[in-house]
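Below, each chain spelled out in residue letters.
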Amino acid sequence: MSTPTSIPEERLLPAAGGSDPRPLAAPTTSVNPIQRDHATTIFEKGAPGRRSFVAPDSGVPEVALDEILPAKLRRATPARLPEVTESELVRHYVRLSRRNFDLDTGFYPLGSCTMKHNPRLHERVTALPGHARLHPLQSPERSQGALALMHGLERQLAEVSGLPHVCLQPSAGSHGELAGVLLARAYHEARGETRTKVLTPDTAHGTNPATVTMAGLEVVKVATNPDGGVDLDDLRAKADDQVALIMLTNPNTLGIFDPNIEEIASIVHGVGGVLYYDGANLNAIMGITRPGDMGFDIVHFNLHKSFTQPHGGGGPGSGPIAVSDRISPYLPLPVIRREPLASANGNAPATEGFEGFRYSLVEHADAVPEGAPGSKSIGKLRGFQGNYGCFVRSYTYITSLGAEGLRDASEIAVLNANYLLAKLQELGVREHLPLAFGTRCMHEFVLSGGPMKRELGVKTLDLAKRLLDHGFHPPTVYFPLLVDEALLVEPVETEAKETLDAFAEAIAEILREAVEDPTIAQNAPYSTPVRRLDEAKAAKQPVIRQPLG
Amino acid sequence: MTRYTTATDADREAMLSAVGVSSIRDLLAEQIPAALLRDDPLDLPAGRSEQEVYTHLRELSAANVSAEDEVTFLGAGMYDHYVPSIIDMLLGRSEFLTPYTPYQPEVSQGGLQVMFEYQTAISELTALPVSNASVYEGPSAVAAAAYLGKLANGRTRIVVSAGAHPHTIATLQTYAKGYGSELVVVPLRDGATDPQEWAAAIDDRTSVAIVQQPNFVGAVEDVAALTDAAKQAGGDKLVTVGAYDPICLGVLAPPGEVGIDVAVGEGQTLGNRLDFGGPSFGFFAAREAFLRRMPGRIAGETTDVDGRRGFVLTLQTREQHIRREKATSNICTSQALNALAGVVYLGWLGKDGLPELAELLVQRTHYARRKLAAIDGVELLHEQPVVREFALRLPGIDVPALVDFVQDRGYHPGLALGRIYGEPYADGLLVALTEQRTKQQIDRLAELIGEAIGAQRTATAQTTGAVA
């Protein structure tokens, strides 16, 4: 155990892409400076009486608290929050930040997560006071810019998905999934049908089945065929009049575009079911093909994936949904209405609209014409209108790229993935890390570490940990579940060829090293702030807060 | 080449050659059925340069009236608190801004320790031992708490006070339909949850009993009495849920000390911007018994192979990626960066600062309440104690028109309650304070409301006179 130290830290990790010439740390038991920075929490720093905040003078005549807020309703002892100065706060959190790997520093090929560059323009425009300090209950007349932006984003997402109606409200992908499943349920119930089954392939994200349960429906698994697509025979056997919907990702979590998608749509529609598209992999197809054209009825988008939100170490995200005409009456409220300024109010000054239109929020289903979006709404999924700050970023992104730029992004995402796959094969990793399915991929691919584990005694987890010593964030590991020792790699379009080369070489080097001495990978990492952590201990005797004296 | 993709023409050629195809289109055509592969571009405008896009976004921003442009007393769930400068600085750091969820703990100790510190701060604030690392936001946090209740006791009736935020009640309705529970709303009396109706609504079929503190019309509820009554009527298996404004916990009794089993709430007031409603975060804290039923990420302390202290995501067998259809929630991406703002803000306020800020709100709110209630034509909607928000009644006054009148003069007087409630609060006005609203601004608001009432009365008198 190291002790607290004032030795300044060095940067934790070399830059990815091989641009940092620092030699890779050999496995060693010696302790580097960042490892000497013993983890102490903010609650263990400071001293009684220290502070950052100074309250302004109240300026009003003081009244005894007892007279206005009875003691029985009040707190008897203050919460034991930190007592620190601003300098201590800044140093603490800046030091902590250096114990993170981040996208700005290095390659982050985390499959299914689309870790593409986060343009800094997005942060600048989101921080403009007209966006950042706008109250969600400001009247529509005084939030025309925000409503125009949201309406614009709705139209952009509708075009990308090929589905005409968009609701921006859900807070993340899984929240969008819940909206989608509730929409499908409401659609069937309005037709007098109680359908309980939801078909999900065994490659599906865990959020899909978890959502189904929360929406009161039942998961029915559909098998995957040897090519990595939906097993049509199994689908036909399970598709009946109890099927409410099927939840699919296409390309799926194997990175494979299901060539039978039209047949799948026809089978599910044939029994009266609805097709739901999990948009986690939308980055493969923007401008190339559209879920609406494939036959999907409902789509959720992950704005924090395809439309580049900084991921913040686990959020915020945003999960808008797009739907077909027949699903649209059930959309969550509020819906945004747009009218030409002239017809909305002939005498309205230009400041009351934006670029010739007046925007309003329709909060109640009875204010919506029969059959129009929201007229039979499932209700609200959260407070206010959704994660507007995320809308600003994604609207900015789509506006910057335009039609051509979006397609280019997806095309290069696919090219980069196939190139990385080819490069890995050229370097001879296939023997130990074969491609799990097929020969090509869309924007991501899955390798199986099964042979590596059997022949070298090195698990996918070991490979991932050793990649950390090379300055790379590992791909997604052990997902999808149906692949033995899975490694799901998504290189994204904003990474340069040199970075992909360096990553492929790192994997080849780790395998070469493992042939010589598998214990190196088995005990990795060596250069990180902490080394392998005891997760079993954390779960067995949970310590989930700092004990205070 | 667009600006965020890296491949030059030479790169493309080299990469296509390595892949063994002659064009990207061929690569796509090998995989996507011809009928689905588009050749037409999407119907979107052409891309634009950074400075053009910036100008457009600035124009959109300028078409809004924000808290920068007017003196706002608008609250009703989100509040114009001062966000200290260190929050912008820390949240802007690449190392916090750009990582994914910490799936590789060895290189995510910063984010994981932030979660651990956040959980500690929320646990302290609520006096409850267990906190997760955040959920989406306030109303859906309440719906998640109700789902926890259903998983815990298998009962299917949700009782909620009408004092909960209308968006909370609406969200609960949507979720409850999904997981098969029914919703019973208990009315307010004199601005607070009606104790008789509350007790009468709860029985041994009740899964959760939910109260908001302070409630939507600003009143401080007697939570201890309500939870006591709920447990008596619903038994020990009933789960009591409190939806709190965390800033108010600087002065109000913490949920853990007044019989609340699960405390949740909207975290925006802790160092997060208004952002037209999001992103912010929701907090979620509970008694020990519910640890393994919590939704969302939880960071836990452990050691590495060399014995060094470290942090990991723990108790993951609750979560969707492990447990799939048996998970305690479907939540995955949450609000980590906003929760970071929350814990930095609580550290910035500190042990003494939080109660000082809350008491400042109590004092200024008390002053404002008396000042505005003294205006001719204005009454209190209720006389319950308040912390930072209070409701008025303006009989015979067109409140939306009054709001407009005052806004035209650079002040936002608060929420016209009729906008959300319709009747019976059509003449209601909900006024909120933060530390950014000074005595001088309160005094000016009182003048403007007085003028607005006077103007409406004059107009009415003229109309009446003209008719006569």
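Predicted model, so just to flag it, every value in this text is computed and none were measured.

The next point concerns the overall build of chain B. Check the secondary structure of chain B and you find 15 helices and 17 strands. Judged by the C-alpha coordinates and their principal axes, chain B covers about 90 × 60 × 50 Å. A burial count over chain B gives 66% of its 468 residues as buried. Within the structure as shown, chain B displays about 14,900 Å² of accessible surface, and the carbon and sulfur contribution to it stands at 50%. Across chain B, the centroid of the 39 positively charged side chains sits 4 Å from that of the 58 negatively charged ones.

Quick look at the environment of Arg545(A) now. Following the sequence through the fold, Arg545(A) ends up in the segment after helix 18 (535-540). Not counting residues up to four positions away in its chain, the partners in contact with Arg545(A) are Arg80(A), Phe116(B), Thr120(B), Ser123(B), Glu124(B) and Pro129(B). Side chain to side chain, Arg545(A) and Ser123(B) meet in a polar contact 2.7 Å long. Of note is the side chain of Arg545(A), whose polar atom sits 2.9 Å from the side chain of Glu124(B).

Listed by partner, the interface residues are 211 residues for chain A and 192 residues for chain B. Interface area for chain A against chain B, summed over the two sides, is near 17,700 Å², with a carbon-plus-sulfur share of 61%. Seen at the junction of chain A and chain B, the total is 16 salt bridges. Between Glu137(B) and Arg382(A) there is a salt bridge, with the nearest N and O atoms lying 4.0 Å from each other. In terms of residue count, helix 13 (residues 388-426) of chain A provides more of the side of chain A that touches chain B than any other element does, 27 residues in total. A per-class count over the side of chain A that touches chain B returns 105 nonpolar, 58 polar and 48 charged.

Further remarks concern the pattern of salt bridges. All names here are of chain A. A complete count under the given rule lists 64 salt bridges over all chains for this structure. The salt bridge involving Asp 297 is made with Arg 326; its shortest N-O contact spans 2.7 Å. Here Asp 297 is found in the loop between helix 11 (291-294) and strand 6 (298-301), whereas its partner Arg 326 is found in the loop between strand 7 (321-323) and strand 8 (335-340), with 29 residues between them in sequence. By relative accessible area, Asp 297 is classed as buried at 5%. Given the relative accessible area of 34%, Arg 326 is considered partly exposed.

All right, on to the packing of aromatic side chains then. Applying the stated criterion across every chain yields a total of 17 aromatic pairs over all chains. Here Phe472(A) and Phe503(A) contribute two aromatic rings whose centre-to-centre distance is 5.3 Å and whose plane-to-plane angle is 85 degrees, an arrangement assigned as edge-to-face. Taken together, the residues Phe472(A) in the loop between helix 15 (460-469) and strand 11 (476-477) and Phe503(A) in helix 16 (residues 497-516) connect sequence positions 31 residues apart. We classify Phe503(A) as buried; its relative accessible area is 0%. When the ring of Tyr100(B) is compared with that of Tyr103(B), the centres are 5.8 Å apart and the planes differ by 45 degrees; the resulting orientation is tilted. Assessed through its relative accessible area of 4%, Tyr100(B) is described here as buried. In textbook terms, an aromatic cluster arises when at least three aromatic residues are bridged by ring pairs, as seen for Phe53(A), Tyr345(B) and Trp348(B). Over the aromatic face of Phe357(A) sits the side chain of Arg338(A), whose NZ or CZ is 3.8 Å from the ring centroid. Across from the ring centre of Tyr79(B), 3.7 Å away, lies the NZ or CZ of Arg388(B), which sits over that ring.

According to UniProt, the "modified residue: N6-(pyridoxal phosphate)lysine" (unreviewed entry) feature falls on Lys305(A). With respect to the element layout, Lys305(A) can be found in the loop between strand 6 and strand 7. The buried category is assigned to Lys305(A), whose relative accessible area is 9%. Look past the residues within four positions of Lys305(A) in its chain and what remains in contact with it is Ser112(A), Cys113(A), Thr114(A), Lys116(A), Ala280(A) and Tyr100(B). At 3.1 Å, the side chain of Lys305(A) forms a polar contact with the backbone oxygen of Ser112(A).

Basis of the calculations
Residues numbered from 1 in each chain as written. Chains lettered and ligands numbered in written order. Predicted model: local features only at pLDDT ≥ 70, side-chain atom pairs only at ≥ 80, totals over all residues. Heavy atoms only, no water. Helix = DSSP H or I, 4+ residues; strand = E, 2+ residues; numbered from the N terminus. Buried < 20%, exposed > 50% of the residue type's maximum accessible area, 1.4 Å probe, protein only. Areas by Shrake-Rupley, 256 points an atom, 1.4 Å probe, with all protein chains shown as cover. Lys, Arg positive; Asp, Glu negative; His and termini not counted. Charge placed at Lys NZ, Arg CZ, Asp CG, Glu CD. Contact = heavy atoms within 4.5 Å. Polar contact = N/O pair within 3.5 Å; in protein donor to acceptor, adjacent residues only side chain to side chain. Buried area = accessible area lost by both parts, 1.4 Å probe. Salt bridge = Lys/Arg side-chain N within 4 Å of Asp/Glu carboxyl O. Nonpolar A, V, L, I, M, F, W, Y, C, P; charged D, E, K, R; others polar. Phe/Tyr/Trp six-rings, centres within 6.5 Å; stacked < 30°, edge-to-face > 60°. Lys NZ or Arg CZ within 6 Å of the ring centre and 35° of its normal. UniProt positions renumbered as here; feature names shortened; annotations may be inferred.

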